[in-house]
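Structural overview
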Amino acid sequence: MSTTDPHPPGIPEPSARGPELRARGLHLAYDGRPVVADLDLTVPTGRITAIVGANACGKSTLLRALARLLAPRQGVVELDGTTLRSIPTRELARTLGILPQTPVAPEGLTVADLVNRGRSPHQTWWRQWSAADEEAVRAALAATGLTELADRPVDELSGGQRQRAWIAMAVAQGTPVLLLDEPTTYLDLAHQIDVLDLVTDLNRREGRTVVMVLHDLNQACRYADHVIAMKAGRIVAQGAPAEVVTEATVEDVFDLRCRITPDPVSGTPMVIPLGRHHHDGGDGPREAESEAESESEDAVPASVD
Amino acid sequence: MPAQPSPAPSPAPAPAPSASARPALRDRPFRLAVPPVSGMLRPRLVLTGVLVGVGAFALFCWGLALGDYPVSLPDVVKALFGVGDPGTLVVVRDLRLPRALTGLLVGLAFGVSGAVFQTMTRNPLASPDMIGLTEGAGTAVVAAVVFGWAGGLGLSTVGLFGALATALLVYALAWKGGATGYRVILVGIGVSWICTSATDFLVARGNRFQAEEALGWLVGNLNGRTWGQVDSLAIALAVLLPVTLGLGRWMRTLQLGDDVAAGLGTPVQPVRLALLLTGVGLVAFGTAAAGPVAFVALACPQIALRLAGTSAPPPLVSGLTGAFVVLGADLLAREAVPGTELPVGIVTGALGAPVLLWLLVRANRAGSGG
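Computed from a prediction, not measured in an experiment: that's the story for all the values here.

Of regular secondary structure, chain B possesses 15 helices and 2 strands. Split into buried and exposed, the 370 residues of chain B put 47% on the buried side. Partitioning the intrachain contacts of chain B with sequence separation of at least 6 by distance along the chain shows that 73% fall at a separation of at least 24.

This is the structure in structure tokens:
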């Protein structure tokens, strides 16, 4: 890991070295069907990691195992060298937070109440609203821009606001490690960027380790420090986005031929898919398109190479 | 991908002026320095609980006042505290009190049990009277009557085992890496029909006297209750009610789904099992004392939820609502047709059916419930 410090100088880093999450020899199965086989992984502490891969490659399954929502068949997940299984439930919930894919809030639950429930690992039967709870909820609402909406029922919010409310719950939980399963699913593009910016804030300002499963490779490249590409339950490549997201890896992982160019805004790799009807002949897309149209329906797509 | 400037957090619509309750009824935190107790004060929930509780107590007293030997309401309250002439004391405390107390406690048990099941499955339709638990208890009792097993045990105990066995059956059949939502309901409805058919068969097979005894129990009945029934139900409630309230903290996280709850440090499977056992225990003891009083466990938590303005049925207020409804329905049952005492289950059934229809229509429209 490089030693460059992304934190602005004025803002203190709460946990310069947060807990380290790693998996060793992990075998995972779902309904008896093996999904992940013999996987080793060390999550870079204090960074944003994105797990990418085709559908059903085991990325969500891996995330669930990292959060102890799924018990491994073999192998271990360790938090600072301690097996996840041996950590008391509450203690784990104070260190590691997980936001599953598209959670559903019960009807009528207000934003404030939802965010408040993120504090439950810190609460006891008699102490359900300590000063620390109040401050954490206030800060989480402010960080997600939901202060104004605190009294509104979650089910009446827009998709983007709703997702922010759930993230606010995870933020209030105050864990140094945060796992997010496809936090941008079902959101329009503006709200996707909104959520990813928020995740970046949480990482840069508070030094939280973030692991998220993402579908969009370009977003993964732009927002993650570390990208893990998975295929059929195995890690194909991992490292900085520029090292991982190459034409060869994308073809291998997604079975998709593409071109990679630098993102004009962030400079990170940007994937331009080719597909059957578009390929770069060097003469621009119009040309390619008309060429594609002239091909008969069942013709084998012309190879560019 | 086009360069998408990250937008400022989308403009927050101003909070609707009448979005939440009036300021006096808004939730507010309280925090004591010594002892270090803190929590959220929910005035609307407290107010609802007090009003429903007072209402239930009023119906309770009214029920004690009515009968062949009328007693005035003030005399009833005095008699409850042991003050009054011996005749009134005998009528109120020895003759009428077991019935009224059974109604109160059965309503409480069914209401709390319904709240537990509805919260646990995140579905208002998954109440114990919908998923076959009360029917299972009924089958067991009728079988005991017809085959003459009940001798040593008593019908109540048999009903208790019937409900527990049915709960195990539904849970086992609905289990597929966790039992939630519609699977429990569909399996439960199936099991419930099997039990109903078995009961019908047994009633048809038994002789006339046995059939009458069984039917009197099957509709849900408060007539002729004794102190024995009150005692076992009261003991069950004294144990199960505090357990349920103690689990309330976990019910709040479980309501967000199993994965979120686990992420928030909830021991999901143990809590689920504990909730299941308390919920089944409450409904089993309730059914044992008064038979399957229809729709109370289904409707009362939903009524309480709307009165209190919460996002999940509040267990205690659901219980008080249950007591209110059962006592009210019993009064109606006694007074509606002069000269006859209808079983209370007939009245709750007639009142509850529209509530069920309304819930079904609503669940369909919202497309929710899984």
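As a further point, take the overall build of chain A. Of regular secondary structure, chain A possesses 10 helices and 12 strands. Taken across its 305 residues, chain A has 45% of its residues classed as buried. Contacts in chain A between residues at least 24 apart in sequence constitute 64% of all its contacts with a sequence separation of at least 6.

Our focus in this paragraph is the interface of chain A and chain B. Each side of the interface is counted separately: chain A has 45 residues, and chain B has 35 residues. Every element with two or more residues in the side of chain A that touches chain B is listed here: helix 2 (89-95), strand 6 (96-99), helix 3 (111-117) and helix 6 (189-206) of chain A. Residue contributions to the side of chain A that touches chain B peak at 5 residues, all from helix 6 of chain A.

The next subject is the confidence of the model for chain A. Residues and elements named next belong to chain A. Chain-level statistics for chain A give a pLDDT mean of 86 and a share of 86% at 70 or above. The least confident element of chain A, judged by mean pLDDT, is helix 10 (residues 285-294) at 45; the most confident is strand 8 (residues 209-213) at 97. pLDDT under 50 marks residues 1-15. Its contacts with residues more than four places away, or in other chains, come to 11 contacts. Across residues 283-305 the pLDDT falls below 50, and counting only partners more than four positions away or on other chains, this stretch makes 14 contacts in the model.

Moving on: the sheet that holds strand 9 (residues 226-231) of chain A. All names here are of chain A. The strand order across the open sheet built from 6 strands is 6-7-8-3-9-10, with neighbouring strands paired in mixed fashion. One side of each edge strand has no neighbouring strand; the edge strands of this open sheet are strand 6 and strand 10 (234-239). Shown here is a sheet whose adjacent strand axes are inclined to one another by a mean of 15°, direction ignored. Relative to strand 9, strand 3 (residues 48-53) runs parallel, the two sharing 5 bridges. Bridging from a neighbouring strand, V52 pairs with A229 of strand 9.

End to end, helix 1 (residues 43-65) of chain B covers 33 Å across 23 residues, agreeing with the expected 33 Å (1.5 Å per residue, within 8%). Buried residues belonging to helix 1 of chain B abut helix 2 (73-80), helix 3 (86-121), helix 13 (296-308) and helix 14 (315-335) of chain B.

Residue and element names in this part refer to chain A. Inspection of the secondary structure puts C221 in helix 7 (residues 217-223). Put simply, C221 and T49 are 172 residues apart on the chain and 9.9 Å apart in space, counted from C-alpha to C-alpha. Not counting chain neighbours up to four residues away, the residues in contact with C221 comprise V227, P241, V245, D263, T268, P269 and M270.

The next point concerns the packing of helix 4 (residues 133-147) of chain B against helix 8 (residues 208-218) of chain B. Residue and element names in this part refer to chain B. Following both chains from N to C, one finds helix 4 and helix 8 inclined at 160°, their axes separated by 9 Å at the closest point. Taken together, helix 4 and helix 8 sit at an angle that is classed as roughly antiparallel. Viewed along their axes, helix 4 and helix 8 form a crossing whose handedness is right-handed. Contacts from G138, V141, V142, V145 and V146 of helix 4 reach helix 8 at Q210, E213, A214, W217 and L218. Residue classes in the contact of helix 4 with helix 8 are distributed as 7 nonpolar, 2 polar and 1 charged.

Residue and element names in this part refer to chain A. Buried residues dominate helix 1 (residues 59-66), accounting for 8 of its 8 residues. Those residues of helix 1 that sit buried are K59, S60, T61, L62, L63, R64, A65 and L66. The first or second residue beyond helix 1 is R68, which carries a positive phi of 65°.

Turning to the pairing of strand 3 of chain A, a few remarks are in order. All names here are of chain A. For strand 3, a buried count of 6 out of 6 residues is recorded, marking the element as mostly surrounded by other parts of the structure. Residues I48, A50 and V52 point to one face of strand 3 and T49, I51 and G53 to the other, with burial holding for every one of them. Where strand 3 lies against strand 8, 4 bridges are found, and the strand directions are parallel. The residue of strand 8 that forms the bridge with I51 is V213.

With that out of the way, let us pick up unusual backbone geometry. Residue and element names in this part refer to chain A. Although it is not a glycine, D38 sits at a positive phi angle of roughly 45°. Note on placement: D38 falls in strand 2 (residues 33-43). For E182, which is not a glycine, the phi torsion comes out positive at approximately 45°. Counting through the fold element by element, E182 comes out in the loop between strand 7 (177-181) and helix 6. Residue classification places E182 among the buried positions, given that 20 C-beta atoms sit within 10 Å.

With that settled, the discussion passes to the sheet that holds strand 5 (residues 82-83) of chain A. Residue and element names in this part refer to chain A. In space, the 4 strands of this open sheet follow the order 2-1-4-5, with antiparallel pairing throughout. Where the open sheet ends on each side, the last strands, each with one partner, are strand 2 and strand 5. In terms of strand pairing, strand 1 (residues 21-30) meets strand 2 through 7 bridges, oriented antiparallel. Across the sheet, the residue bridging to A29 is P34, located in strand 2. Running at roughly 120° to strand 1, helix 1 makes contact with strand 1, strand 2 and strand 4 (74-79) of the sheet.

Here we take up the nonpolar core. Core analysis: the biggest nonpolar cluster contains 184 residues, and V115(A) and A109(B) have the highest contact counts within it. Ignoring any residue separated from it by four or fewer positions in sequence, one finds V115(A) in contact with V137(A), A140(A), L141(A), A165(A), A168(A), M169(A) and A172(A).

Thresholds applied
- Residues numbered from 1 in each chain as written.
- Chains lettered and ligands numbered in written order.
- Predicted model: local features only at pLDDT ≥ 70, side-chain atom pairs only at ≥ 80, totals over all residues.
- Helix = DSSP H or I, 4+ residues; strand = E, 2+ residues; numbered from the N terminus.
- Buried ≥ 20, exposed ≤ 12 C-beta atoms within 10 Å, placed from the backbone.
- Contact = placed C-beta atoms within 7 Å.
- pLDDT = per-residue confidence, 0-100.
- Pairing = 2+ DSSP bridges.
- Axes fitted to C-alpha atoms, helices over the stretch in contact; angles between N-to-C directions.
- Expected span 1.5 Å × (residues − 1).
- Parallel < 35°, antiparallel > 145°, perpendicular 65-115°, else oblique.
- Left-handed = near helix turned anticlockwise from the far one by under 90°.
- Nonpolar A, V, L, I, M, F, W, Y, C, P; charged D, E, K, R; others polar.
- Core = buried A, V, L, I, M, F, W, Y, C linked by C-beta atoms within 7 Å.

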